[in-house]
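Below, each chain spelled out in residue letters.
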Amino acid sequence: IVTSPKEVDSILIDPKNLEYKVLMCHKSKKELLEERKLGVLEYIKWGETQRTKERGRYKKGGVPFPEVASVQGRTYWYDIGDREPGDLVINRFIGERFFFPVKRSKVFLGDVVFEGKTRDKNTARLYSAVLNSSIVFLFVELEGRFSMGDGLLTFYGPDIEELLLPSYRSINAEERKKIFDAADKLLTRPIKPIFEEVKEKDRQRLDSLVLKAIGLDPKKYLKPIYDGLCELVRERIGLARMRKRAQRARTERDVEKIKEELIR
(Lines give C-alpha, C1' and ligand atoms only; values in the text may rest on other atoms or scores of the structure.)
Protein backbone atom coordinates (compact mmCIF):
# COMPACT_ATOMS: atom_id res chain seq x y z
CA ILE A 1 0.00 0.00 0.00
CA VAL A 2 1.22 3.51 -0.85
CA THR A 3 1.11 5.62 2.31
CA SER A 4 3.26 8.58 1.18
CA PRO A 5 4.09 10.23 -2.16
CA LYS A 6 7.76 9.97 -1.14
CA GLU A 7 7.54 6.20 -1.67
CA VAL A 8 6.82 6.74 -5.37
CA ASP A 9 9.86 8.00 -7.23
CA SER A 10 8.85 7.18 -10.81
CA ILE A 11 5.57 7.21 -12.74
CA LEU A 12 5.30 3.41 -12.59
CA ILE A 13 4.72 2.29 -8.99
CA ASP A 14 7.23 -0.39 -8.01
CA PRO A 15 5.84 -2.57 -5.15
CA LYS A 16 9.43 -3.31 -4.07
CA ASN A 17 9.80 0.31 -2.96
CA LEU A 18 6.72 0.26 -0.71
CA GLU A 19 7.32 -0.14 3.01
CA TYR A 20 3.88 -1.27 4.17
CA LYS A 21 1.32 -3.95 3.33
CA VAL A 22 -2.39 -3.84 4.17
CA LEU A 23 -4.38 -6.73 5.69
CA MET A 24 -7.39 -7.79 3.61
CA CYS A 25 -9.51 -9.96 5.92
CA HIS A 26 -13.29 -10.44 5.71
CA LYS A 27 -13.56 -13.22 8.33
CA SER A 28 -14.58 -13.04 12.00
CA LYS A 29 -12.10 -13.84 14.76
CA LYS A 30 -14.07 -17.04 15.44
CA GLU A 31 -13.71 -18.14 11.80
CA LEU A 32 -10.00 -17.38 11.87
CA LEU A 33 -9.61 -19.51 15.02
CA GLU A 34 -11.57 -22.39 13.52
CA GLU A 35 -9.49 -22.25 10.32
CA ARG A 36 -6.27 -22.03 12.36
CA LYS A 37 -5.33 -18.66 10.81
CA LEU A 38 -3.48 -17.90 14.04
CA GLY A 39 -0.98 -15.40 12.65
CA VAL A 40 -3.76 -13.15 11.35
CA LEU A 41 -5.72 -13.59 14.57
CA GLU A 42 -2.74 -12.53 16.70
CA TYR A 43 -2.19 -9.50 14.47
CA ILE A 44 -5.83 -8.39 14.90
CA LYS A 45 -5.60 -8.88 18.69
CA TRP A 46 -2.43 -6.79 18.72
CA GLY A 47 -4.29 -4.08 16.78
CA GLU A 48 -6.99 -4.02 19.44
CA THR A 49 -4.38 -2.99 22.03
CA GLN A 50 -3.20 -0.03 19.93
CA ARG A 51 -4.39 3.55 20.29
CA THR A 52 -4.39 6.59 18.06
CA LYS A 53 -1.95 9.43 18.70
CA GLU A 54 -4.82 11.86 19.31
CA ARG A 55 -5.64 12.89 22.85
CA GLY A 56 -9.22 12.84 24.01
CA ARG A 57 -11.41 11.38 26.73
CA TYR A 58 -9.13 8.35 27.08
CA LYS A 59 -6.68 8.67 29.99
CA LYS A 60 -3.99 6.64 28.25
CA GLY A 61 -3.79 9.27 25.53
CA GLY A 62 -5.68 8.05 22.47
CA VAL A 63 -8.64 6.14 21.03
CA PRO A 64 -8.40 2.31 20.76
CA PHE A 65 -8.29 1.27 17.10
CA PRO A 66 -11.66 -0.62 17.24
CA GLU A 67 -13.36 2.52 18.61
CA VAL A 68 -12.11 4.99 15.99
CA ALA A 69 -15.09 6.72 14.34
CA SER A 70 -14.13 5.70 10.80
CA VAL A 71 -14.46 1.95 11.56
CA GLN A 72 -17.73 2.07 13.50
CA GLY A 73 -19.96 1.14 10.55
CA ARG A 74 -18.04 -2.05 9.72
CA THR A 75 -19.08 -5.59 10.63
CA TYR A 76 -15.48 -6.22 11.73
CA TRP A 77 -13.44 -3.15 12.63
CA TYR A 78 -10.36 -4.48 10.78
CA ASP A 79 -12.19 -5.34 7.53
CA ILE A 80 -11.59 -2.57 4.94
CA GLY A 81 -14.07 -4.25 2.58
CA ASP A 82 -13.76 -5.32 -1.04
CA ARG A 83 -11.87 -2.59 -2.84
CA GLU A 84 -11.38 -2.66 -6.58
CA PRO A 85 -8.21 -0.80 -7.56
CA GLY A 86 -8.77 2.10 -9.97
CA ASP A 87 -7.18 2.65 -13.38
CA LEU A 88 -5.90 6.19 -12.84
CA VAL A 89 -3.93 7.60 -9.93
CA ILE A 90 -4.11 11.31 -9.07
CA ASN A 91 -1.79 12.84 -6.48
CA ARG A 92 -3.38 14.84 -3.71
CA PHE A 93 -0.25 16.84 -2.81
CA ILE A 94 2.10 18.35 -5.39
CA GLY A 95 5.40 20.10 -4.71
CA GLU A 96 8.05 20.73 -7.35
CA ARG A 97 7.54 17.33 -9.01
CA PHE A 98 4.51 16.76 -11.23
CA PHE A 99 3.49 13.22 -12.08
CA PHE A 100 0.46 10.98 -11.80
CA PRO A 101 1.52 7.40 -10.97
CA VAL A 102 0.66 4.31 -13.03
CA LYS A 103 -0.15 0.90 -11.52
CA ARG A 104 0.55 -2.38 -13.28
CA SER A 105 0.40 -4.64 -10.25
CA LYS A 106 -1.98 -5.03 -7.32
CA VAL A 107 -1.17 -1.98 -5.24
CA PHE A 108 -3.59 -0.24 -2.89
CA LEU A 109 -3.46 3.45 -2.12
CA GLY A 110 -3.79 5.45 1.08
CA ASP A 111 -5.41 8.89 1.31
CA VAL A 112 -2.40 10.63 -0.26
CA VAL A 113 -3.85 9.95 -3.72
CA PHE A 114 -7.16 9.49 -5.49
CA GLU A 115 -8.19 6.81 -7.97
CA GLY A 116 -10.27 7.04 -11.12
CA LYS A 117 -12.04 4.39 -13.19
CA THR A 118 -12.26 4.35 -16.99
CA ARG A 119 -14.40 2.36 -19.42
CA ASP A 120 -11.57 0.12 -20.62
CA LYS A 121 -7.81 -0.43 -20.47
CA ASN A 122 -7.06 1.53 -23.67
CA THR A 123 -8.83 4.59 -22.29
CA ALA A 124 -6.96 4.17 -19.01
CA ARG A 125 -3.62 3.93 -20.82
CA LEU A 126 -4.28 7.07 -22.86
CA TYR A 127 -5.43 9.15 -19.91
CA SER A 128 -2.52 7.94 -17.76
CA ALA A 129 -0.19 9.20 -20.50
CA VAL A 130 -2.02 12.50 -21.03
CA LEU A 131 -2.21 13.13 -17.27
CA ASN A 132 1.59 13.04 -17.28
CA SER A 133 1.91 15.75 -19.93
CA SER A 134 3.00 19.29 -19.07
CA ILE A 135 -0.10 20.98 -20.49
CA VAL A 136 -2.15 19.05 -17.90
CA PHE A 137 0.42 19.99 -15.23
CA LEU A 138 -0.24 23.64 -16.15
CA PHE A 139 -4.00 23.12 -15.66
CA VAL A 140 -3.30 21.42 -12.32
CA GLU A 141 -1.13 24.33 -11.16
CA LEU A 142 -3.87 26.80 -12.11
CA GLU A 143 -6.78 24.82 -10.60
CA GLY A 144 -5.09 23.40 -7.50
CA ARG A 145 -5.27 25.01 -4.07
CA PHE A 146 -2.22 26.69 -2.64
CA SER A 147 -3.00 26.66 1.06
CA MET A 148 -0.23 24.68 2.73
CA GLY A 149 2.60 26.47 4.52
CA ASP A 150 5.40 24.52 2.86
CA GLY A 151 4.32 25.45 -0.67
CA LEU A 152 2.50 22.24 -1.53
CA LEU A 153 -0.42 22.36 -3.94
CA THR A 154 -3.50 20.37 -2.90
CA PHE A 155 -5.52 18.80 -5.68
CA TYR A 156 -8.75 16.91 -4.99
CA GLY A 157 -12.53 16.72 -5.34
CA PRO A 158 -13.88 19.61 -7.45
CA ASP A 159 -10.37 20.32 -8.78
CA ILE A 160 -10.18 16.82 -10.29
CA GLU A 161 -13.70 17.06 -11.72
CA GLU A 162 -12.84 20.37 -13.42
CA LEU A 163 -9.53 19.15 -14.87
CA LEU A 164 -9.47 19.51 -18.65
CA LEU A 165 -8.46 16.42 -20.63
CA PRO A 166 -8.74 15.78 -24.38
CA SER A 167 -11.55 13.49 -25.43
CA TYR A 168 -10.43 9.93 -26.17
CA ARG A 169 -12.25 10.03 -29.53
CA SER A 170 -10.46 13.24 -30.56
CA ILE A 171 -7.10 11.41 -30.70
CA ASN A 172 -6.78 8.97 -33.58
CA ALA A 173 -5.22 5.49 -33.33
CA GLU A 174 -1.89 6.52 -34.85
CA GLU A 175 -1.53 9.45 -32.45
CA ARG A 176 -2.50 7.24 -29.50
CA LYS A 177 0.22 4.70 -30.34
CA LYS A 178 2.88 7.42 -30.50
CA ILE A 179 1.70 8.82 -27.16
CA PHE A 180 1.75 5.33 -25.60
CA ASP A 181 5.30 4.71 -26.80
CA ALA A 182 6.52 8.10 -25.57
CA ALA A 183 4.86 7.69 -22.17
CA ASP A 184 6.34 4.20 -21.70
CA LYS A 185 9.85 5.67 -21.97
CA LEU A 186 9.16 7.89 -18.95
CA LEU A 187 7.68 5.19 -16.74
CA THR A 188 10.64 3.85 -14.81
CA ARG A 189 13.06 6.76 -14.50
CA PRO A 190 12.95 9.06 -11.46
CA ILE A 191 10.81 12.14 -12.05
CA LYS A 192 12.73 15.38 -11.44
CA PRO A 193 11.57 18.80 -10.20
CA ILE A 194 9.68 20.54 -13.00
CA PHE A 195 12.53 23.00 -13.64
CA GLU A 196 14.79 20.09 -14.60
CA GLU A 197 12.07 17.84 -16.02
CA VAL A 198 11.20 20.21 -18.88
CA LYS A 199 14.80 19.90 -20.15
CA GLU A 200 14.52 16.12 -20.60
CA LYS A 201 14.18 14.87 -24.21
CA ASP A 202 11.69 12.09 -23.35
CA ARG A 203 9.53 14.64 -21.52
CA GLN A 204 9.61 17.03 -24.48
CA ARG A 205 8.70 14.16 -26.84
CA LEU A 206 5.56 13.23 -24.89
CA ASP A 207 4.48 16.86 -24.45
CA SER A 208 4.95 17.58 -28.17
CA LEU A 209 2.81 14.58 -29.16
CA VAL A 210 -0.01 15.56 -26.80
CA LEU A 211 0.01 19.14 -28.10
CA LYS A 212 -0.12 17.89 -31.71
CA ALA A 213 -3.00 15.55 -30.86
CA ILE A 214 -5.11 18.47 -29.63
CA GLY A 215 -4.21 20.66 -32.62
CA LEU A 216 -1.48 22.88 -31.12
CA ASP A 217 1.93 23.42 -32.73
CA PRO A 218 4.67 22.37 -30.25
CA LYS A 219 7.15 24.79 -31.85
CA LYS A 220 4.83 27.64 -30.93
CA TYR A 221 3.35 26.47 -27.61
CA LEU A 222 5.80 24.13 -25.85
CA LYS A 223 8.27 26.75 -24.59
CA PRO A 224 5.60 29.20 -23.36
CA ILE A 225 3.89 26.34 -21.48
CA TYR A 226 7.19 25.35 -19.86
CA ASP A 227 8.07 28.96 -18.99
CA GLY A 228 4.64 29.66 -17.54
CA LEU A 229 4.47 26.43 -15.54
CA CYS A 230 7.97 26.88 -14.07
CA GLU A 231 7.25 30.50 -13.15
CA LEU A 232 4.01 29.57 -11.37
CA VAL A 233 5.78 26.85 -9.36
CA ARG A 234 8.63 29.23 -8.44
CA GLU A 235 6.09 31.77 -7.20
CA ARG A 236 4.24 29.12 -5.17
CA ILE A 237 7.42 27.80 -3.53
CA GLY A 238 8.83 31.31 -3.10
CA LEU A 239 5.68 32.61 -1.38
CA ALA A 240 5.79 29.74 1.11
CA ARG A 241 9.43 30.52 1.97
CA MET A 242 8.63 34.21 2.39
CA ARG A 243 5.79 33.36 4.78
CA LYS A 244 8.11 31.17 6.86
CA ARG A 245 10.76 33.88 7.05
CA ALA A 246 8.15 36.47 8.07
CA GLN A 247 6.75 34.11 10.72
CA ARG A 248 10.24 33.48 12.16
CA ALA A 249 10.94 37.23 12.22
CA ARG A 250 7.68 37.90 14.11
CA THR A 251 8.53 35.16 16.63
CA GLU A 252 12.01 36.59 17.21
CA ARG A 253 10.63 40.10 17.68
CA ASP A 254 7.99 38.88 20.14
CA VAL A 255 10.61 37.00 22.17
CA GLU A 256 12.77 40.13 22.39
CA LYS A 257 9.78 42.14 23.58
CA ILE A 258 9.02 39.60 26.32
CA LYS A 259 12.67 39.69 27.43
CA GLU A 260 12.59 43.48 27.70
CA GLU A 261 9.36 43.42 29.74
CA LEU A 262 10.74 40.78 32.10
CA ILE A 263 13.96 42.74 32.67
CA ARG A 264 11.97 45.94 33.26
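Look above for the structure.
In this numbering scheme, every chain counts its residues from 1 along its sequence in written order. Owing to the predicted nature of the model, reporting of local features is limited to residues with pLDDT of at least 70; listing and counting of side-chain atom pairs is limited to 80 or more, with chain, interface and lining totals taken over all residues. Neither water nor hydrogens contribute to the side-chain values; these are computed over all heavy atoms in the structure.

Draft legend 1. A look at the environment of Ala 240. A run of H or I in DSSP becomes a helix once it reaches four residues, and a run of E becomes a strand once it reaches two; helices and strands are each numbered from the N terminus. Here Ala 240 shows up in helix H9 (residues 218-263). Only protein chains enter the accessibility calculation, which uses a 1.4 Å probe; a residue is then buried when its area is under 20% of its type maximum, exposed when over 50%, and partly exposed in between. Take Ala 240: its relative accessible area is 2%, and that puts it in the buried class. Between the C-alpha atoms of Ala 240 and Asp 150, which are 90 residues apart in sequence, the distance is 5.5 Å.

Draft legend 2. Structural context of the packing of helix H4 (residues 134-143) against helix H8 (residues 201-213). For the pair H4 and H8, the least separation of the axes is 8 Å and the interaxial angle reads 85 degrees. Taken together, the axis directions place H4 and H8 in an arrangement best described as roughly perpendicular. Along its contact with H4, which presents Ser 134, Ile 135 and Phe 137, the element H8 presents Arg 203, Asp 207, Val 210 and Leu 211. Throughout this entry, Asp, Glu, Lys and Arg are counted as charged residues, while Ala, Val, Leu, Ile, Met, Phe, Trp, Tyr, Cys and Pro are counted as nonpolar. The remaining residues, Gly among them, count as polar. Residue composition of the contact of H4 with H8, by class: four nonpolar, one polar and two charged. Lines fitted to C-alpha atoms define the axes here, with helix axes fitted over just the stretch in contact, and angles between the N-to-C directions of these axes take values from 0 to 180 degrees. For classification purposes, an angle smaller than 35 degrees is called roughly parallel, one larger than 145 roughly antiparallel, one from 65 to 115 roughly perpendicular, and anything else oblique. Whether two residues are in contact is decided by their heavy atoms, any of which lying within 4.5 Å being enough.

Draft legend 3. Representation of unusual backbone geometry within the structure. Even without a glycine there, the phi angle at Arg 36 is positive, about 60 degrees. The residue Arg 36 is located in the loop between helix H1 (29-34) and helix H2 (38-48) in this model. Residue classification places Arg 36 among the exposed residues on the basis of a relative accessible area of 58%.

Draft legend 4. Representation of the packing of aromatic side chains in the model. In summary, the pairing rule links any two rings of Phe, Tyr or Trp, Trp by its six-membered ring, whose centres are within 6.5 Å, and it sorts them by plane angle into stacked for under 30 degrees, edge-to-face for over 60 and tilted for everything else. Under the criterion given, the structure shown has five aromatic pairs. On the basis of an interplanar angle of 10 degrees and a centroid distance of 5.8 Å, the ring pair of Tyr 76 and Tyr 78 is categorised as stacked. When the ring of Trp 77 is compared with that of Tyr 78, the centres are 5.8 Å apart and the planes differ by 85 degrees; the resulting orientation is edge-to-face. There is no split in this pair, since Trp 77 and Tyr 78 are both buried. Cation placement over rings: the criterion is NZ of Lys or CZ of Arg within 6 Å of the ring centroid and within 35° of the ring normal. Sitting above the plane of the Tyr 156 ring, Arg 92 keeps its charged end 5.9 Å from the centroid. Sitting above the plane of the Tyr 156 ring, Arg 145 keeps its charged end 4.8 Å from the centroid.

Draft legend 5. Spatial organisation of H2. Along H2, the positions that sit buried rather than exposed are Leu 41, Ile 44 and Gly 47. Each buried residue of H2 lies within a common arc of 120 degrees when the element is viewed along its axis, so the set occupies one face. For H2, the secondary structure elements touched by its buried residues are H1. For this quantity, the arc is that covered by the directions from the helix axis to the C-beta atoms.

Draft legend 6. Highlighting the sheet that holds strand S5 (residues 153-154). The pairing criterion for strands is at least two bridges between them, as found by DSSP. Strand order in this open sheet of three strands is S2-S5-S4, and the pairing throughout is antiparallel. Strands at the two margins of the open sheet, each flanked by one partner only, are strand S2 (93-94) and strand S4 (145-146). Note: S4 against S5, two bridges, orientation antiparallel. By the bridge assignment for S5, Phe 146 is matched with Leu 153.

Draft legend 7. Region of the structure containing the side chain of Arg 236. Within the secondary structure layout, Arg 236 lies in helix H9. Taking the relative accessible area as the measure of exposure, Arg 236 reaches 3% and is therefore buried. Beyond its immediate stretch of four places on either side in the chain, Arg 236 contacts Ile 94, Gly 95, Phe 98, Glu 141, Phe 146, Gly 151, Leu 152 and Leu 153.

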